[in-house]
Every structure is written in structure tokens, then in C-alpha cells.
Amino acid sequence: MSLVRVHNFAVSLDGFSTGEEQSHESPFGHAGHRLLDWFMATRSFHEMHGKSGGSTGVDDALALTWGHHIGAEIMGRNKFGPQRGPWEDHEWTGWWGPNPVFHTPVFVLTHHPRPSVEMEGGTTFHFIDATPQEALRQAREAAGGRDVRIGGGQTTVRAFLAADLVDHMHIAVVPIVLGRGERLWDGLEGIEERFQVESVTSPSGVTHMTFTRRP
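Predicted model, so just to flag it, every value in this text is computed and none were measured. (Residues numbered from 1 in each chain as written. Predicted model: local features only at pLDDT ≥ 70, side-chain atom pairs only at ≥ 80, totals over all residues. Heavy atoms only, no water.)

Participant: Tell me about helix α6 (residues 154–162), residues and numbers included.
Facilitator: Turning to α6, its buried residues number three or more, namely Q154, T156, V157, R158, F160 and L161. Positive backbone phi, approximately 60°, marks D164, located one or two places after α6. (Buried < 20%, exposed > 50% of the residue type's maximum accessible area, 1.4 Å probe, protein only. Helix = DSSP H or I, 4+ residues; strand = E, 2+ residues; numbered from the N terminus.)

This is the structure in C-alpha cells:
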């Protein structure tokens, strides 16, 4: 059976994984890029966007595992874009440009399904109204035996954790305080008991925590 994985998911010291006031210009609201500065500085991020340079070391080593053996992604609608309610702008195809970084089928969870959108580089966005279990069934079928990544945001990751569907998770605890936004851990008391937990802190100040499902 393929694994269900979460990677490079950043959380502030006070537990927020995104800020308030998301918009077209600010995918993470008032948090800006502060949650992802560590990732955007790595060689892996640079290569993902067709650029050279970038840092190596702990941050890069953890970031690099994001795409290994992934055959499909599941994301929430708020990761895809800032629109709410019925779709008013079908021209919007995400923050990633004409050739998104995924290069796999991507299943976007929404209460307002719409036709699939095929992009350059092998990414196709499918918009489905489904439970975590049903979304995972469809994603696994599309993944062709490879693993499925839960891409976020926090509501989607939390739902898959609550349903006990996550096998491996990489959380990057970033040394910032956001004060407000959306929390990851609410309602998940004792979640650590399901996993073997390891951590390492990089020179950037980020603590990388990996959660691997216990046998």
C-alpha cells in the first residue's frame, strides 16, 4: 500500500501554519513568506523553480524529500486560491503559474466542484467534494502505486490526521510568532502517540520534526 505523507509543512512557535487575511497577493495572509523563508533559501527550492544556487545542509536535505516517489497530491481549496463559495473566476489556476511544481494529479477538496484543469508539466487539478477517505481512494488510484502527499493547508492536514490516514509527516517549526491565523494542532490532543517522533534543529533556527507511524 502506498504511503500518505506530509512534507515541508511549516508551523510558527505559537502553532499557526498560516496567517489571517489571505488574498491573491498574500497566500499566507499577514504571515507573508516568514513561514517559508527557510525553504525558499534552499537549493531544492531553487531547482524546483529552474534556478541555480541555494543553501545546502539540514534544511535542504529535509526539503528535498518533498517530491520523492510522490504520485498525487491532495490539497484544500484555500491552498489552491483565495476564492470562497461558488467559483466566480475560472481563469484562476493557482499561485504557481502555467507549469506548477507538482507534475502529478492534484485533488483539490472543495464543496463546489468544477471541471478539471490540465496544466503544463503533467499537473492536472481535479476539484472534488469528498471525505478524506474518498479523496485518498481517488488519489491512490491516480498515483499508480506511488505515495500520496497531503499538501495543506492546515485544515486539510488536520482532517487527515483526525481520520488517522497519515503515515509520515515532516513539520518545520519556524522561530517566529504570528499571534493569529489558523492553527494546525487544535483538536489533535495525543496525536504524538501514533508516531515515532524525531527532531533536528538547523542553523537557520528551524526545528524539523518527523512523525513516522508506529508499527
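Participant: So what about the pattern of salt bridges? Which residues, and what values?
Facilitator: Under the defined criterion, the tally for this structure stands at eleven salt bridges. D147 is the salt-bridge partner of R5, the closest N and O atoms lying 2.9 Å from each other. Taken together, the positions of R5 in strand β1 (residues 4–12) and D147 in strand β7 (residues 147–152) put the pair 142 residues apart, joining distant regions of the chain. R5 gets classed as buried once you look at its relative accessible area, which sits at 6%. Measuring nitrogen to oxygen at the nearest pair gives 3.5 Å for the salt bridge that ties R180 to E21. Taken together, the residues R180 in the loop between β8 (168–174) and β9 (182–183) and E21 in the loop between β2 (16–18) and α1 (37–40) connect sequence positions 159 residues apart. Residue E21 is classed as exposed on the basis of its relative accessible area, which comes to 59%. (Salt bridge = Lys/Arg side-chain N within 4 Å of Asp/Glu carboxyl O.)

Participant: Pulling in residues and values, what's your account of the sheet that holds β8?
Facilitator: Sheet architecture is open: nine strands sit in the order β5-β6-β4-β3-β7-β1-β8-β11-β10, paired in mixed fashion. Every other strand in the sheet has two partners, leaving β5 (117–118) and β10 (195–201) as the edge strands with one partner each. Those strands touched by α6 are β1, β3 (70–76), β4 (105–109), β7, β8 and β10, and its axis lies near 130° from that of β7. (Pairing = 2+ DSSP bridges. Contact = heavy atoms within 4.5 Å. Axes fitted to C-alpha atoms, helices over the stretch in contact; angles between N-to-C directions.)

Participant: Got a sec to walk through unusual backbone geometry? Specific residues and values, please.
Facilitator: Residue G153 is reached from G152 by a cis peptide bond, and omega for that bond is 0°. Relative to the elements of secondary structure, G153 occurs in the loop between β7 and α6. Its identity is not glycine, yet H69 carries a phi of approximately 60°, on the positive side. Take H69: it is sitting in the loop between α3 (58–63) and β3. With a relative accessible area of 40%, H69 lands in the partly exposed category.

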